[in-house]
Amino acid sequence: MKRHELQHFVDISMSKTLADADYHLLGDGIASLTEEFNAEEETEQWINQENGTTDIKSYTPSIPVEMQDIDQDDTDLVDWFNNLIDTLPTGSKAVSSYVRVRIKGSGPSYPAVQRKCAISVGSTGGDAGANVTNSITIGGRGDGIKGTFNVETGKFTAGGAAASSLEVKSGTAKSSSKSNLS
């Protein structure tokens, strides 16, 4: 799997319901993007043991995003980034959702995980002569929802063949954005 086959879409409407999400591809202007899972571990070792035992208590995914302010087709995504920088949302105004999609097989629907998130603004600026770089962090909230995501329509469908051990909640999303698979 190549990096362009792992795609992340963010809801720029900051919708309070997953059904009203407006997903846009995080891509142009972003040179690197890694979803960190941030496991919370608990390790115990008793005095009579040579080695300890580690248990995983939970995960709190987060995605640091640095996007250069460049000319791109998705002006709605650029406007969303700029609005975040200008307004510094907090509380419920900082809540949104994202979808992680694995592009494999014949589309346009692919296995995906949708997750509520909180968006925090990190910085804006950069070096002399360079494009402005804006940074945000997408912090996961609660359990992910397995399902499928249609990269042509921007709709997430919970459950189906892709669902397994995660709690499945209903939800769809609309989007005018398209995935760029080239």
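Description of the structure in this document. (Residues numbered from 1 in each chain as written. Predicted model: local features only at pLDDT ≥ 70, side-chain atom pairs only at ≥ 80, totals over all residues. Heavy atoms only, no water.)

**Here's the deal with helix α1 (residues 75–87)**
Compared with the 18 Å implied by 1.5 Å per residue over 13 residues, the 18 Å span of α1 between its first and last C-alpha is a close match. Within the sequence span of α1, burial applies to L77, V78, W80, F81, L84 and I85. Considered in projection along α1, the buried side chains sweep an arc of 160° and stay on one side of the axis. Where the residues of α1 are buried, they touch β1 (6–11), β2 (21–25), β5 (62–68), β7 (109–125) and β8 (133–150). L88 occupies a position one or two residues after α1 and carries a positive phi of about 45°. (Helix = DSSP H or I, 4+ residues; strand = E, 2+ residues; numbered from the N terminus. Expected span 1.5 Å × (residues − 1). Buried < 20%, exposed > 50% of the residue type's maximum accessible area, 1.4 Å probe, protein only. Arc of directions from axis to C-beta. Contact = heavy atoms within 4.5 Å.)

**A look at the packing of aromatic side chains**
Inspection of every chain in the model, using the stated rule, returns 3 aromatic pairs. Plain terms: the ring middles of W80 and F81 are 5.5 Å apart, the flat faces sit at 90° to each other, and that makes the pair edge-to-face. Given a relative accessible area of 6%, W80 falls into the buried group. With relative accessibility at 0%, the residue F81 sits in the buried group. By way of ring pairs, the aromatic residues F9, Y23 and F149 are connected into one cluster. (Phe/Tyr/Trp six-rings, centres within 6.5 Å; stacked < 30°, edge-to-face > 60°.)

**Re the pattern of salt bridges**
On inspection of all chains with the given rule, the structure shows 2 salt bridges. A salt bridge links E35 to R100; the shortest N-O distance between them is 2.5 Å. With a gap of 65 residues between them, E35 in the loop between β2 and β3 (39–44) and R100 in strand β6 (residues 95–102) connect regions that are remote in the sequence. In terms of burial, E35 and R100 fall into one category: buried. K57 is the partner of E40 in a salt bridge, and the nearest nitrogen-oxygen pair spans 3.5 Å. One end of the pair, E40, is in strand β3; the other, K57, is in strand β4 (residues 53–59), and 17 residues separate them in sequence. What makes E40 partly exposed here is its relative accessible area of 40%. (Salt bridge = Lys/Arg side-chain N within 4 Å of Asp/Glu carboxyl O.)

**Examining a nonpolar patch on the surface**
Together, F37, I56 and Y59 line one region of the surface with nonpolar side chains, adding up to about 310 Å² of accessible area. Tracing the chain through its elements places F37 in the loop between β2 and β3. (Patch = residues over 30% accessible without salt bridge, like charges linked within 9 Å, V, L, I, M, F, W, Y side chains within 5 Å. Areas by Shrake-Rupley, 256 points an atom, 1.4 Å probe, with all protein chains shown as cover.)

**Details of the side chain of E35**
Owing to a relative accessible area of 9%, E35 belongs among the buried residues under this scheme. Among the polar contacts listed, one links the side chain of E35 to the side chain of H8, at a separation of 3.1 Å. Only 2.6 Å separates the side chain of E35 from the side chain of Y98, close enough to count as a polar contact. Beyond its immediate stretch of four places on either side in the chain, E35 contacts H8, P61, S62, I63, Y98 and R100. (Polar contact = N/O pair within 3.5 Å; in protein donor to acceptor, adjacent residues only side chain to side chain.)

**Considering the environment of D55**
Take D55: it is sitting in strand β4. Taking the C-alpha atoms as reference, D55 lies 9.9 Å from A39; in sequence the two are 16 residues apart. With sequence-adjacent residues up to four places away left out, D55 is seen in contact with E40, E41 and E42.

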